[in-house]
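Architecture at a glance
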Amino acid sequence: MQVTLIAYTPDPELVIAAAARLSASPSSTTKIMEKMSPQRVDSLLAHLLASGHLSPFEHASFTLAIDGISRATSHQLVRHRIASYTQQSQRYVPFTQFHYVTPETIASDPELLVRYQQAVAAAHQLYSQMLDAGIPAEDARFILPNAAATSLVMTMNARELMHVCAQRLCLRAQWEIVQLFEKVKIEVQKVAPRIGAELKPKCYHMGYCDEQESCGLMPTLG
Ligand SMILES: Cc1cc2nc3c(=O)[nH]c(=O)nc-3n(C[C@H](O)[C@H](O)[C@H](O)COP(=O)(O)OP(=O)(O)OC[C@H]3O[C@@H](n4cnc5c(N)ncnc54)[C@H](O)[C@@H]3O)c2cc1C
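Note that this is a predicted model, so its numbers are computed, not measured. (Residues numbered from 1 in each chain as written. Predicted model: local features only at pLDDT ≥ 70, side-chain atom pairs only at ≥ 80, totals over all residues.)

Some points on the nonpolar core
Grouped together as the largest cluster of nonpolar side chains are 39 residues, with contacts concentrated most on I16, A17, A60, L161, L180, F181 and V188. Counting only elements with at least two residues in this core, the list comes to α1 (12–22), α3 (38–51), β2 (61–70), β4 (149–157), α8 (158–168) and α9 (175–191). Here the element with the most residues in this core is α1; it accounts for seven residues. With near-sequence residues (within four places) excluded, L180 lies in contact with M1, V3, I66, I69 and T73. (Core = buried A, V, L, I, M, F, W, Y, C linked by C-beta atoms within 7 Å. Buried ≥ 20, exposed ≤ 12 C-beta atoms within 10 Å, placed from the backbone. Helix = DSSP H or I, 4+ residues; strand = E, 2+ residues; numbered from the N terminus. Contact = placed C-beta atoms within 7 Å.)

What about the packing of α1 against α3?
Packed helix pairs are specified by the crossing angle of their axes together with the interaxial distance, meaning the distance between the axes. At their nearest, the axes of α1 and α3 sit 9 Å apart, and the two run at 70° to each other. Between α1 and α3, the angle falls in the class roughly perpendicular. The handedness of the crossing between α1 and α3 is left-handed. For the pair α1 and α3, the contacting residues are E13, L14, I16, A17, A20 and R21 in the first and R40, V41, L44, L45 and L48 in the second. Grouping the amino acids of the contact of α1 with α3 by side-chain chemistry returns eight nonpolar, no polar and three charged. (Axes fitted to C-alpha atoms, helices over the stretch in contact; angles between N-to-C directions. Parallel < 35°, antiparallel > 145°, perpendicular 65-115°, else oblique. Left-handed = near helix turned anticlockwise from the far one by under 90°. Nonpolar A, V, L, I, M, F, W, Y, C, P; charged D, E, K, R; others polar.)

Details of helix α6 (residues 110–132)
Here α6 contains 23 residues, and its C-alpha end-to-end distance of 33 Å stays within 8% of the 33 Å for a straight helix at 1.5 Å per residue. For α6, a buried count of one out of 23 residues is recorded, marking the element as mostly open to its surroundings. Of the residues one or two after α6, G134 is the one with positive phi, at around 95°. (Expected span 1.5 Å × (residues − 1).)

Side note on unusual backbone geometry
In this model, D11 sits at a positive phi of 45°, which is unusual for a non-glycine residue. Examined against the element boundaries, D11 turns out to sit in the loop between β1 (2–8) and α1.

Some details on the site of the ligand
What surrounds the ligand is the set R79, H80, R81, I82, E160, H163, V164, Q167, R168, R172 and A173. Looking at the shell around the ligand residue by residue, the classes come out as three nonpolar, three polar and five charged. (Near = placed C-beta within 6 Å.)

Thoughts on the domain arrangement of the protein chain
Once the domains are mapped, the protein chain shows domain 1 (2–85 + 149–206) and domain 2 (104–143). Each of domain 1 and domain 2 has a C-alpha centre, and these two points are 36 Å apart. (Domains from an automatic or database assignment.)

As for α8
Among all positions in α8, only A158, L161, V164, C165 and R168 are buried. In an axial view of α8, the angular spread of the buried residues amounts to 120°, which keeps them on one side of the axis. Buried positions along α8 lie against α1, β2, β4, α9 and α10 (193–197). (Arc of directions from axis to C-beta.)

See below:
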């Protein structure tokens, strides 16, 4: 899996802080931005987060190229609706080379791993034979497994990123989507360290775990 930040709002944290400041200032946003110190950006972001005033975080967006995740995980990802996605099409791209993801639980069982690889290879062989027989890729793809690797571009604003990470960095979430958002966090942190630091599982925000089975990081209420 590879995750690369390919574009983002310039000065994302300054933009958020300036937008928030504007709501209580007679000055213009550009003048606020010129004068605002990094310390003031820090304190404003902290205040916004503490008070739950999160709409200014919608002014900063991050565009990430995501390669080599399984279709099982991309399906979970696109359930998050406050974002834009463009995914490599299984209708238009014929997969002569077939890349797929192998979960560690399967990879660590030599016997099952062989059977897994054989099943995937058999599915791909039939897929290729169907393409050769003139079946359109949009139909031949029905035989491809959830393991199929996919590529997509995702654009998400900082508010939704915090929301999604609260859900998907929880260790009770599925391992591949946890790994995906760990990599997203690393990329965002490079250009927006304060926002990056807020990309954390929900238990860090709540101070307790609300999952039926806790990973043990935080106490449960029950
Ligand atoms: C561990 C885990 C297990 C899951 N298991 C399943 C499962 O078994 N089956 C399944 O179907 N899904 C499952 N999901 C997906 C889950 O139900 C959500 O669809 C997904 O996490 C998207 O999150 P969301 O709805 O908070 O928000 P997003 O789509 O990320 O939207 C962000 C927020 O915007 C608001 N919002 C967005 N759209 C609307 C709207 N139309 N109306 C009102 N408010 C809106 C809500 O406040 C929402 O929280 C699972 C998710 C997780 C994290």
